[in-house]
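Chain and residue survey
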Amino acid sequence: MASTSDLLLLLLTFFCFISAQHASALEFEVGGMEGWIVPPENDTSYYNDWASENRFRLGDLINFKYKKDSVMEVREGDYKTCNSTHPLFFSNTGHTEYKLRSKRAYYFISGVAGHCERGQKVIIKVLAADESRDEDEGGGPSGSAAAAMTFGASKLLLVPLVAVLFQ
């Protein structure tokens, strides 16, 4: 039978592994502080300028905050033509959280008539898991992105375990 300290060491190793898997995920507020709105007049690259200032990786979350609007994920061709008739994903809840689950380009548009044509659309390009997001290389999230580290419940359980182990 394993001793208590062996069991705690095993649990600590497990939680460190789980923690490492989630520690690099970031949350991004699409459009920064302004949120998901129709961009200022004649600024149709507003959201893609925002996206190009950030580095998105597998597991990151992007949040769309809006009022009286919607967000749709569409195919590239529908993005280019602002066609909202065949969305891959649709939400109009006012706060949409979307997890980036594969390395590819994601195309999002507003579902409200005329908004996409006025620039309310964004392309999110996801890096491979092993590609760098080193802030020293300029690839870290910008302050306007309101990015925040996300941690699972494993971090909360890790602190008491460490305290028990080192008593």
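The protein chain is annotated in an unreviewed UniProt entry as Phytocyanin domain-containing protein from Kalanchoe fedtschenkoi. Taken from UniProt, the Subcellular location (unreviewed entry) comment for the protein chain reads in full: "Cell membrane".

A look at the sheet that holds strand β8 (residues 121-127)
Pairing is mixed across the open sheet formed by five strands, whose spatial order is β2-β8-β7-β4-β5. The outermost strands of the open sheet, each flanked by one partner alone, are β2 (56-57) and β5 (89-91). Summarising the sheet, strand β7 (residues 105-109) and β8 pair through five bridges and their orientation is antiparallel. Of the residues in β8, the one forming a bridge with Ile109 is Lys121.

Side note on the pattern of salt bridges
A complete count under the given rule lists three salt bridges for this structure. The partner of Lys65 in a salt bridge is Glu29, and the shortest N-O contact between them spans 3.6 Å. With Lys65 in strand β3 (residues 61-65) and Glu29 in strand β1 (residues 26-29), this pair connects stretches of sequence that are 36 residues apart. Residue classification places Lys65 among the partly exposed residues on the basis of a relative accessible area of 40%. Among the salt bridges present, the one from Glu73 reaches Arg104, with a minimum N-O distance of 3.0 Å. With a gap of 31 residues between them, Glu73 in strand β4 (residues 71-74) and Arg104 in the loop between β6 (95-99) and β7 connect regions that are remote in the sequence.

A look at the packing of aromatic side chains
Evaluation of the coordinates by the stated rule reveals 11 aromatic pairs. Taken together, a centroid distance of 5.1 Å and an interplanar angle of 80° make the contact between Phe89 and Tyr98 edge-to-face. Among the residues examined, Phe89 registers a relative accessible area of 25% and is labelled partly exposed. The structure contains a cluster of three or more aromatic residues connected by ring pairs, namely Trp36, Tyr46, Tyr47, Phe64, Phe89, Tyr98, Tyr106 and Phe108. If you follow Arg104 out to its NZ or CZ, it ends over the ring of Tyr106, 3.8 Å from the centre. Over the ring of Tyr79 we find Lys121, and its NZ or CZ is 4.7 Å from the ring centre.

Remarks on the environment of Leu100
Residue position: Leu100 is located in the loop between β6 and β7. The spatial distance from the C-alpha of Leu100 to the C-alpha of Leu58 is 5.5 Å, given a sequence separation of 42 residues. Not counting the four nearest positions on each side in its chain, Leu100 is found in contact with Phe56, Arg57, Leu58, Gly59, Asp60, Ile62, Tyr106, Ile124 and Val126.

Points about unusual backbone geometry
Even without being glycine, Lys68 reaches a positive phi, approximately 50°. Considering the arrangement of structural elements, one finds Lys68 in the loop between β3 and β4. A positive phi angle, close to 55°, is found at Cys82, a residue other than glycine. With respect to the helices and strands, Cys82 occurs in the loop between α3 (76-81) and β5.

What counts as what
Residues numbered from 1 in each chain as written. Predicted model: local features only at pLDDT ≥ 70, side-chain atom pairs only at ≥ 80, totals over all residues. Heavy atoms only, no water. UniProt positions renumbered as here; feature names shortened; annotations may be inferred. Pairing = 2+ DSSP bridges. Helix = DSSP H or I, 4+ residues; strand = E, 2+ residues; numbered from the N terminus. Salt bridge = Lys/Arg side-chain N within 4 Å of Asp/Glu carboxyl O. Buried < 20%, exposed > 50% of the residue type's maximum accessible area, 1.4 Å probe, protein only. Phe/Tyr/Trp six-rings, centres within 6.5 Å; stacked < 30°, edge-to-face > 60°. Lys NZ or Arg CZ within 6 Å of the ring centre and 35° of its normal. Contact = heavy atoms within 4.5 Å.

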